[in-house]
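Per-entry structural report
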Amino acid sequence: MTRRLILASASPQRAKLLDQLGVAHTAIAADIDETPQPGESAEALAERLARGKAQALAERYGEDAVLGSDTVVALGDRLYGKPADAADAEWMLASLAGTTHRVVSGVALCVGGRGVSRISTSTVTMRETTAAERAAYIASGEPMGKAGGYAIQGRGAIFIARLDGSYSSVMGLPLFETAALLDEAGFDLLGAMA
């Protein structure tokens, strides 16, 4: 059994999701370049960033298990990360309105110099939105720091007509895949339920 689990993220939402599994952890932000590579798919980007975050902290905390995760929104070949500012959030929300798009989350676990990763892909249908609705939502501040400029677990839920796939993955941490990685690494998830 690994002595400690580090969540390579400053996201309070990811920490809350990991809490659902009952595994004690420490959250430490991992600072990596999240720029997509030319022609990189959403799946490849999400997995690469999840691995990069986990590996960045694993180099500093080699005796611990490090869990990294990243989420990318994709409409066709266009990738949506976190909005840079309100104008970028407006552009993202306007372009996703009335579409069915993919939300891809990668999760990676590094233990003892060995890294394994998984991805989870969901489809989300967003209803048409008005400029006034988008402006009010952006003014709430919620879109900032969220892939695609919306939070399905927050006020952004009013725009979501349908979700096919993993709710936790769209929130930022695919719990099914995360639990599988932790179980394979020897974390006692069922014991945490007792």
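Keep in mind it's a predicted model, so treat the numbers as computed, not measured. (Residues numbered from 1 in each chain as written. Predicted model: local features only at pLDDT ≥ 70, side-chain atom pairs only at ≥ 80, totals over all residues. Heavy atoms only, no water.)

Let's talk about the pattern of salt bridges
Let me state the cut-off plainly: Counted as salt bridges are all cases of a side-chain nitrogen of Lys or Arg within 4 Å of a carboxyl oxygen of Asp or Glu. Numbering goes from the N terminus for both helices and strands, where a helix is a DSSP run of H or I of at least four residues and a strand is a run of E of at least two. Throughout this description, buried means an accessible area under 20% of the type-specific maximum (1.4 Å probe, protein chains only), exposed means over 50%, and partly exposed covers the range between.
Throughout the structure, instances matching the rule amount to ten salt bridges. When the shortest N-O distance is used, the salt bridge between Glu-43 and Arg-102 registers 3.2 Å. Of the two residues, Glu-43 is situated in helix H2 (residues 42-58) and Arg-102 in strand E5 (residues 100-111); the sequence distance between them amounts to 59 residues. Close ionic contact of Arg-127 with Glu-133 constitutes a salt bridge, the shortest N to O distance being 3.0 Å. Judged by relative accessible area, Arg-127 falls into the partly exposed class, the value being 28%.

Observations regarding the side chain of Ser-117
To be explicit about the condition: In protein, a polar contact means a hydrogen-donor-capable atom and an acceptor-capable atom, both N or O and within 3.5 Å, with residues adjacent in sequence counting only if both atoms are side-chain atoms; elsewhere, any N or O pair within 3.5 Å suffices. Should any heavy atoms of two residues lie within 4.5 Å, those residues are counted as being in contact.
Structurally, the position occupied by Ser-117 is in strand E6 (residues 114-126). Side-chain polar atoms of Ser-117 contact the side chain of Glu-47, separated by 2.4 Å. A distance of 3.0 Å separates the side chain of Ser-117 from the side chain of Arg-51, its partner in a polar contact. Discounting residues that sit within four places of it in the chain, Ser-117 has contacts with Glu-47, Arg-51, Val-107 and Ala-108.

Description of the layout of surface pockets
Stated formally: Here a cavity denotes grid points, spaced 1 Å and computed from the protein atoms alone, that fit a 1.4 Å probe unable to get out, and a pocket denotes an open set having protein on both sides within 12 Å along at least 5 of 7 lines; residues with an atom within 4 Å of a point are the lining. Grid points are joined across faces, edges and corners, and a volume is the space filled by probe spheres set on the points. All amino acids are sorted into three groups, where Ala, Val, Leu, Ile, Met, Phe, Trp, Tyr, Cys and Pro are nonpolar, Asp, Glu, Lys and Arg are charged, and the leftover types, Gly among them, are polar.
Reported here for the largest pocket is a volume of approximately 630 Å³. Lining the largest pocket are 33 residues, with Arg-14, Lys-82, Gly-145, Lys-146 and Ala-147 positioned closest to its centre. Mapped onto the lining of the largest pocket, the elements with two or more residues apiece are helix H1 (12-20), H2, strand E3 (65-75), strand E4 (78-80) and helix H5 (167-171). Ranked by the residues each element gives to the lining of the largest pocket, the list is headed by E3, at four residues. Considering only residue class, the lining of the largest pocket consists of 19 nonpolar, eight polar and six charged.

Things to note about the environment of Met-171
Examined against the element boundaries, Met-171 turns out to sit in helix H5. By relative accessible area, Met-171 is classed as buried at 14%. A sequence separation of 140 residues divides Met-171 from Asp-31, and the C-alpha atoms of the two residues are 20 Å apart.

Re helix H3 (residues 86-96)
What counts, and what does not: Within this analysis, the arc is defined by the directions that extend from the helix axis to the C-beta atoms.
Taken together, the buried positions of H3 are occupied by Ala-89, Met-92, Leu-93 and Leu-96. Taken around the axis of H3, the buried residues stretch over an arc of 90 degrees, which confines them to a single face. Buried residues along H3 sit in contact with E3, E4, E5, E6 and helix H4 (131-139). Between a side-chain oxygen at the N-terminus of H3 and the backbone nitrogen of Ala-87 the separation is 3.2 Å; the capping residue is Asp-85. Taken from the residues just after H3, Gly-98 is the one with a positive phi, measuring 75 degrees.

Some words on the packing of H1 against helix H6 (residues 175-184)
Note the cut-off: Inter-axis angles, ranging from 0 to 180 degrees, are taken between N-to-C directions of lines fitted to C-alpha atoms, where helices are fitted over the stretch in contact. Any angle between 65 and 115 degrees counts as roughly perpendicular, while under 35 counts as roughly parallel, over 145 as roughly antiparallel, and the rest as oblique. Crossing handedness is read from the near helix: turned anticlockwise from the far helix by less than a right angle, it gives a left-handed crossing, and turned clockwise, a right-handed one.
At a minimum axis separation of 10 Å, H1 and H6 run at an interaxial angle of 60 degrees. When the axes of H1 and H6 are compared, the pair comes out oblique. In terms of crossing hand, the pair formed by H1 and H6 is right-handed. Residues Leu-17, Leu-18 and Gln-20 of H1 pack against Leu-175, Thr-178 and Leu-182 of H6.

Focus: the pairing of E5
In plain terms, the rule: By this definition, two strands are paired if DSSP reports at least two bridges between them.
Extensive coverage of E5 is indicated by the burial of nine of its twelve residues. For E3 and E5, the ladder comprises nine bridges, and the chain directions are antiparallel. Looking at the pairing, Ala-74 lines up with Arg-102 of E5. Sheet topology note: the E5/E6 ladder contains twelve bridges and is antiparallel. Bridge pairing in E6 places Cys-110 opposite Gly-115.

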